[in-house]
Amino acid sequence: SEMCIRDRVSTQSTGPEPKSPPKKQTLLQKGEHHVLRYDLTIQQTDNEQTVTYQFSGDQEYSFRVPGLNQPPRFAYVSCAAAESELDLRSDNLWLHMKTIEPNHLLIHGGDQVYTDLPHPFIWTMIPRFAGYVATGLKTLFDTSKPFTPELDVDVDDFYFHMYRRFWSQQSVRHILASTPSIMMWDDHEIFDGYGSFYDEVQFSDTFKGVFKIAQKYFSVFQLGSTLESPSSTTIPNQDALSQEYYLNKVAILSLDMRTERNRNQILSPKSWEAVQTSLNNLLNSDIHHLFVLSGVPVLYDNFELVSQLIAGHNFDIEDDLTDHWAHPTHVKELELFVTKLFDFAATKKIRVSILSGDVHAGCMAVIVDDNRAKQPDHDNSCVINNLTSSAIGSMSLPRVFASLLDTQITLTPFKYCVGQNIHAGLHKFKFGLTSLTPPTYHLASRNFLTMKFEQDHSLTATWHVEGRPMIGVPGKVSTVTEKILPYTVGKTNDVSY
């Protein structure tokens, strides 16, 4: 299939047309199938452009390119897959996204595809895994069994066709074709809980064999590159696949928090050094805001409270709790992570925001560097907001569970100690799923996030939240909006920070 640019339309002027067709590269060949990458360069002009393109034999698609000095528009999604084939409204928010103002960039924060839904389910869909795992309340792995060459072929086929199936869903396909995307994986692209199992399982031949294939297809289908030839956006001098991007004075640091994860670390010391080098390089840039992708939120809820609520119940979520930044094995690394961001924000004198998913609810945490906030000439670089949006396709957090958490936080407010003189707490939204419902800490419904910068560099963050459906009718989508101030001296105690 060949790609061609059909049209370029600007509100006032048209930029120079490409002199040659987009460069084509074969990333993967599997049987009769080819995965192709087309490198397309659009020169920005003073005004926003609409670019229309077409593959031979396919319909036309278009996307927006911001003007040189235009504040960019972003969207953020995570947890994209329906958890049941009977969930006929799982694409409701994807369809809604088609109706709103087009975004310049769509950020996918993890769990874009799922290997471990009831269908497909990697451990049961591959017959040769029979005897390797026992599935029940817990999934038990026989670590003595080898990862055979035959299994290697079966797992490779599984991941290839899984991506083809998810990427071919009509509503998802349209958005992917009409909004430039950047993606970072989380556990479900490998399998649920990867990185949080005990060492004898995590480092078994089977886990290592499956991971190697999952990483290959993540690189091809989500990063648009191969492991042998990484994308130019890949941060150098690391063994993971963290990425860095830049658009109209906004930088995005997309951290790979799965490749090196185990129960004792999230990123290796080598990767943290690479991240620090990337931050140091950004000190010489002209950015006014930095987004940092952390698939799992820095703060979602009171970790001890969640543990108490599930105690005595048959919830198979030990791996989810171990994933949590507040888990005892990760708290030192969390302090390292957040301290790096505060130091960068203070030196660069800009705002930093963390974007997260994973937890199947929308929420916003506020992280404060207390020492800097107490200084008489303090600025709001001492406040980092953690914006969490999840899930766009999967089932949301049960509302009764969210209500219990909200009630407990209201009765017993808590501040989580992130590190020495750094604390975090959940922000209460001004109202719930509609203007008539009470304020809430959790948006317990499917949702996605849009972020729009204004000329003064303030950021409007809007959660698009699915309402309760009627029989045969999808739920109405409402919005919850928060305003994040631009870099300002002496403004840290405003409720929206």
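Bear in mind the structure is a predicted one, so any value in this text is a computation, not a measurement. (Residues numbered from 1 in each chain as written. Predicted model: local features only at pLDDT ≥ 70, side-chain atom pairs only at ≥ 80, totals over all residues. Heavy atoms only, no water.)

Peer 1: I'm lost on the environment of Asn-262 in this one. Help?
Peer 2: Of note, Asn-262 is situated in the loop between β12 (250-254) and α7 (269-282). What makes Asn-262 buried here is its relative accessible area of 12%. Sequence-wise, Asn-262 and Asp-323 are 61 residues apart; in three dimensions their C-alpha atoms are separated by 9.1 Å. The contact partners of Asn-262, leaving out residues within four places of it in the chain, are Gly-195, Phe-203 and His-330. (Helix = DSSP H or I, 4+ residues; strand = E, 2+ residues; numbered from the N terminus. Buried < 20%, exposed > 50% of the residue type's maximum accessible area, 1.4 Å probe, protein only. Contact = heavy atoms within 4.5 Å.)

Peer 1: It is not clear to me how the nonpolar core should be interpreted in this structure. Could you clarify?
Peer 2: One broad rule of soluble globular proteins: the nonpolar side chains tend to lie buried together. Core analysis: the biggest nonpolar cluster contains 70 residues, and Phe-74, Trp-123, Phe-129, Tyr-159, Met-451 and Trp-463 have the highest contact counts within it. In terms of residue count, the dominant contributor to this core is helix α6 (residues 205-223) (10 residues). (Core = buried A, V, L, I, M, F, W, Y, C linked by side-chain atoms within 4.5 Å.)

Peer 1: Help me out: how do you make sense of the sheet that holds strand β14 (residues 351-356) in this one?
Peer 2: Within a sheet, each strand pairs with its neighbour through backbone hydrogen bonds, oriented either parallel or antiparallel. One open sheet holds the eight strands; their spatial order is β11-β12-β13-β14-β16-β15-β18-β17, and the pairing between them is mixed. Looking along the sheet, the strands with just one partner apiece sit at the ends: β11 (243-247) and β17 (416-419). The mean inter-strand angle of the sheet, taken between neighbouring strand axes irrespective of direction, is 25°. Here β12 pairs with strand β13 (residues 289-293) via five bridges, running parallel. Its bridge partner being in β13, Ser-254 is matched across the sheet by Leu-293. Seen against the sheet, helix α10 (residues 331-348) touches β13, β14, β15 (363-369), β16 (383-388), β17 and β18 (422-426) and runs at an angle of roughly 75° to β17. (Pairing = 2+ DSSP bridges. Axes fitted to C-alpha atoms, helices over the stretch in contact; angles between N-to-C directions.)

Peer 1: For this particular structure, what's the right way to read empty space enclosed by the protein?
Peer 2: Over the atoms rolls a probe the size of a water molecule, and in doing so it shows where empty space is left. Scanning the model with the defined rule gives two cavities of 30 Å³ or more in all. Considering only enclosed or pocket space, the largest cavity measures out at about 70 Å³ in volume. As for the largest cavity, its lining consists of Ala-80, Trp-94, His-108, Gln-112, Phe-166, Trp-167, Gln-169, Val-172 and Leu-176. Looking at the lining of the largest cavity, the elements with two or more residues in it are α3 (149-167) and α4 (170-178). Tallied by class, the residues present in the lining of the largest cavity amount to six nonpolar, three polar and no charged. Here the second largest cavity is characterised by a volume of approximately 30 Å³. Around the second largest cavity sit Tyr-132, Phe-141, Asp-142, Thr-143, Ser-204, Thr-206 and Phe-207, which together line it. Across the lining of the second largest cavity, the residue classes tally to three nonpolar, three polar and one charged. (1 Å grid on protein atoms, 1.4 Å probe; cavity = no way out; pocket = protein on both sides within 12 Å on 5 of 7 lines; lining within 4 Å. Points joined across faces, edges and corners; volume = space filled by probe spheres on them. Nonpolar A, V, L, I, M, F, W, Y, C, P; charged D, E, K, R; others polar.)

Peer 1: Teacher, can you tell me more about the pattern of salt bridges here?
Peer 2: Two side chains of opposite charge can pair, provided their charged atoms sit close to one another. Here the structure, examined in full by the defined rule, presents 14 salt bridges. Lys-30 is the salt-bridge partner of Asp-156, the closest N and O atoms lying 2.7 Å from each other. Highlighted residues: Asp-156 in helix α3 and Lys-30 in strand β2 (residues 23-30), separated in sequence by 126 residues. Comparing Asp-156 with Lys-30, the two get one shared label, buried. Here Glu-101 ties to Lys-452 by a salt bridge, and the two come within 3.8 Å at their closest N and O atoms. Here Glu-101, found in the loop between α1 (92-97) and β7 (105-108), pairs with Lys-452, found in strand β19 (residues 447-453); they are 351 residues apart in sequence, far enough to count as distant. (Salt bridge = Lys/Arg side-chain N within 4 Å of Asp/Glu carboxyl O.)

Peer 1: It is not clear to me how α10 should be interpreted in this structure. Could you clarify?
Peer 2: Along an α-helix, residues three or four apart share an orientation, since each turn contains 3.6 residues. Counted at 1.5 Å a residue, the expected span for α10 with its 18 residues is 26 Å, and the 26 Å between its end C-alpha atoms agrees. When we look at burial in α10, the residues that qualify are Glu-333, Leu-334, Phe-337, Val-338, Lys-340, Leu-341, Phe-342, Phe-344, Ala-345 and Lys-348. Just downstream of α10 lies Lys-349, where phi reads positive at about 60°. (Expected span 1.5 Å × (residues − 1).)

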